[in-house]
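Take a look at the letters that make up each chain.
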Amino acid sequence: MKTAIFGFSGAGKTALSARLAGKRVESFDPYQPAALAVKLADRRLARLREIVKPAKLTPPEVLLLDFKGPARAAGIEEKVLAGLLEADVIILVLDGFSAGANPAADLESLLLEFVFRDADRVASIIERRRTEQAAGRRRANPVEDEALKRAAEHLAGERPLYRLERGPADAA
């Protein structure tokens, strides 16, 4: 499983990843995260080994991707965002210990940045679908079109998509 660790510069991402992995690795490329493989301890494996007696036992592993964080005044670079989207899980690290730290404001700022990016993506999808429908390369799908319209309206209110109420038709 790929797990991205992300937050503003100085929030403690690298310290967290070093603690989890047992070693410190840093990437000095702003677009390439430091990658650390972490083997997870699982007491159930010992019991399974007793029962199954496998020739080899491989513990579960998580790949931590420690992304360089942007300065608080800067936005998230598109290349960094693309890397984050490749992860299965994103852990947001917030600075709660430095003098003047405001983790609630930092969280709101990061989430708002994701909302703006989602709004751009949804608008792009809607436009591409309209173009393809006009050219006859895509048939209209009222259910999908309505879901995208609702998503765009929700994001326009600067609210993240995970807070969008879904109806039965959205499961389609």
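Just above, that's the structure.
My aim in this report is to walk through the structure given alongside it, one point at a time. Positions within a chain are numbered from 1, following the residues in the order the chain's sequence is written. Given that the model is predicted, a residue must reach a pLDDT of at least 70 before its local features are reported, and side-chain atom pairs must reach 80 or more before they are shown or counted; all residues, however, enter totals for whole chains, interfaces and linings. For side-chain calculations, the full set of non-hydrogen atoms in the structure is used, while hydrogens and water are omitted.

1. Here we look at the pattern of salt bridges
Line of reasoning, step 1. Salt bridge, as used here: a side-chain nitrogen of Lys or Arg that lies within 4 Å of a carboxyl oxygen of Asp or Glu. Evaluated as defined, the whole model comprises 11 salt bridges.
Line of reasoning, step 2. We note a salt bridge from Asp95 to Arg72, for which the minimum N-O separation is 4.0 Å. With Asp95 in the loop between strand S4 (89-92) and helix H4 (103-134) and Arg72 in the loop between strand S3 (61-66) and helix H3 (78-85), this pair connects stretches of sequence that are 23 residues apart.
Line of reasoning, step 3. We call a residue buried when its accessible area falls under 20% of the maximum for its residue type, exposed when it is over 50%, and partly exposed in between, using a 1.4 Å probe and counting protein chains only. Residue class for Asp95 comes out buried when judged on its relative accessible area of 8%.
Line of reasoning, step 4. The class for Arg72 is partly exposed, based on a relative accessible area of 40%.
Line of reasoning, step 5. With a closest N to O distance of 2.9 Å, Arg121 and Glu78 form a salt bridge. Here Arg121, found in helix H4, pairs with Glu78, found in helix H3; they are 43 residues apart in sequence, far enough to count as distant.
Line of reasoning, step 6. Classification of Arg121 by relative accessible area gives partly exposed; the value is 30%.
Line of reasoning, step 7. Looking at Glu78, the relative accessible area reads 43%, which means it is partly exposed.
Line of reasoning, step 8. Ionic contacts of the salt-bridge type, sharing partners, join the residues Glu78, Glu113, Arg117 and Arg121 into one network. Here a helix means four or more residues in a row that DSSP labels H or I, a strand means two or more in a row labelled E, and each is numbered from the N terminus.

2. Details of the sheet that holds strand S2 (residues 34-39)
Line of reasoning, step 1. Think of it this way: DSSP has to see at least two bridges between two strands before they count as a pair. Strand order in the open sheet formed by 4 strands is S2-S3-S1-S4, and the pairing between neighbours is mixed. This sheet does not close on itself; its edge strands, each paired only once, are S2 and S4. Strand-to-strand twist across the sheet, computed as the mean angle between neighbouring axes with direction ignored, equals 25°.
Line of reasoning, step 2. Examined bridge by bridge, strand S1 (residues 2-6) and S3 share 4 bridges and lie parallel to one another. Residue pairing for S3: Lys2 is matched across the bridge by Leu63. Lines fitted to C-alpha atoms define the axes here, with helix axes fitted over just the stretch in contact, and angles between the N-to-C directions of these axes take values from 0 to 180 degrees.

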